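# Residue-level structure breakdown
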Amino acid sequence: MRTFFRHLLVLLAFASFGAFAQDKVVYHFDDAEAQATKGLRNIRNHLDVAPDTKIVVVTHAAGIDMLMEGARDRKNPNIDYASLVSALKARGVRFEVCEITLRNRSLAKDKFIMDAEFTPSGVVRIGQLQTREQFAYIKP
């Protein structure tokens, strides 16, 4: 009987730990023109409702364009991505750019806003966040 209660106590400890675990989400951007404005708005709304969520944005292919200096929404040029990204960065969001895409497009890192970080492979990074760190996946 004592063993039963010991196992029950361990199970309750694990269950309560899971209840207090931080939400973690990776947002995947591969087409800035189609995803940037709505995706950045989704992230802002996400944090407004769940401010403790750990969010990593991973960009590759045409998704990296939203993190380039001077990037704006094509349909609404009043929307400056750098200011939106900076506001989200201040709330703890990480923005990562795929270095394979940089090489394939012959782009230098200095073409990107200061809030951008770099990862060797966007696709590998997304996979690692999902499998190793249990991040939920969202593609706006």
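Please read these numbers as outputs of a predicted model, since none were measured by experiment.

### Observations concerning the layout of surface pockets
- The space that makes up the largest pocket amounts to roughly 220 Å³.
- If you trace the largest pocket, you find it lined by Asp-31, Ala-32, Glu-33, Ala-62, Asp-65, Met-66, Ala-71, Arg-72, Asp-73, Arg-74, Lys-75 and Tyr-81.
- Residue classes in the lining of the largest pocket are distributed as five nonpolar, no polar and seven charged.

### Notes on the pairing of strand S2 (residues 54-62)
- Pairing geometry for strand S1 (residues 24-31) and S2, over seven bridges, is parallel. For Val-26, the partnering residue across the bridge sits in S2 and is Val-56.
- The pairing of S2 with strand S3 (residues 94-98) spans four bridges and is parallel. Bridged to Val-58 within S3 is Glu-96.

### Focus: the pairing of strand S4 (residues 116-119)
- Pairing between S3 and S4: four bridges, direction parallel. Bridge pairing links Val-97 to Phe-118 in S4.
- You can see the chain leave S3, run along helix H4 (residues 99-104) and come back into S4, and the turn it takes is right-handed.

### What about the packing of helix H2 (residues 32-49) against helix H3 (residues 81-89)?
- At a closest axis distance of 11 Å, the pairing of H2 and H3 adopts a crossing angle of 30 degrees. By the angle between their directions, the pair H2 and H3 is classed as roughly parallel. In this structure, the crossing between H2 and H3 has a hand that is left-handed. Facing H2, whose interface residues are Ala-32, Ala-36, Thr-37, Leu-40, Ile-43, Arg-44 and Leu-47, H3 presents Tyr-81, Leu-84, Val-85 and Leu-88.
- The residue inventory of the contact of H2 with H3, partitioned by class, reads nine nonpolar, one polar and one charged.

### Focus: the sheet that holds S4
- Overall, parallel pairing links the five strands, which are arranged S4-S3-S2-S1-S5 in an open sheet. With one partner strand each, in any of the chains shown, S4 and strand S5 (136-138) form the two edges of the open sheet. The mean inter-strand angle of the sheet, taken between neighbouring strand axes irrespective of direction, is 30 degrees.
- Relative to S2, helix H5 (residues 122-131) is tilted by about 155 degrees, and along the sheet it contacts S1, S2, S3, S4 and S5.

### Considering H2
- With 18 residues, H2 should reach 26 Å at 1.5 Å per residue; the first-to-last C-alpha distance of 24 Å fits that figure.
- The largest bend in H2 comes to about 25 degrees, at Lys-38.
- Listed as buried for H2 are Ala-32, Gln-35, Ala-36, Thr-37, Gly-39, Leu-40, Ile-43, His-46 and Leu-47.
- Each element contacted by the buried residues of H2 is listed here: S1, S2, H3, S3 and S5.

### Focus on the nonpolar core
- In this structure, Ile-43, Val-57, Met-66, Leu-67, Val-93, Phe-95 and Phe-112 are the most contacted members of the largest nonpolar core, which totals 25 residues.
- Counting residues per element, the ones that place at least two in this core are S1, H2, S2, H3 and S3.
- Residues Val-26, Val-58, Ile-126 and Leu-129 belong to the second largest nonpolar core, which totals six residues.

Calculation notes
- Residues numbered from 1 in each chain as written.
- Predicted model: local features only at pLDDT ≥ 70, side-chain atom pairs only at ≥ 80, totals over all residues.
- Heavy atoms only, no water.
- 1 Å grid on protein atoms, 1.4 Å probe; cavity = no way out; pocket = protein on both sides within 12 Å on 5 of 7 lines; lining within 4 Å.
- Points joined across faces, edges and corners; volume = space filled by probe spheres on them.
- Nonpolar A, V, L, I, M, F, W, Y, C, P; charged D, E, K, R; others polar.
- Pairing = 2+ DSSP bridges.
- Helix = DSSP H or I, 4+ residues; strand = E, 2+ residues; numbered from the N terminus.
- Right-handed = clockwise from strand over helix to strand, strands pointing away.
- Axes fitted to C-alpha atoms, helices over the stretch in contact; angles between N-to-C directions.
- Parallel < 35°, antiparallel > 145°, perpendicular 65-115°, else oblique.
- Left-handed = near helix turned anticlockwise from the far one by under 90°.
- Contact = heavy atoms within 4.5 Å.
- Expected span 1.5 Å × (residues − 1).
- Bend = angle between axes of the 7 residues up to and from the residue.
- Buried < 20%, exposed > 50% of the residue type's maximum accessible area, 1.4 Å probe, protein only.
- Core = buried A, V, L, I, M, F, W, Y, C linked by side-chain atoms within 4.5 Å.

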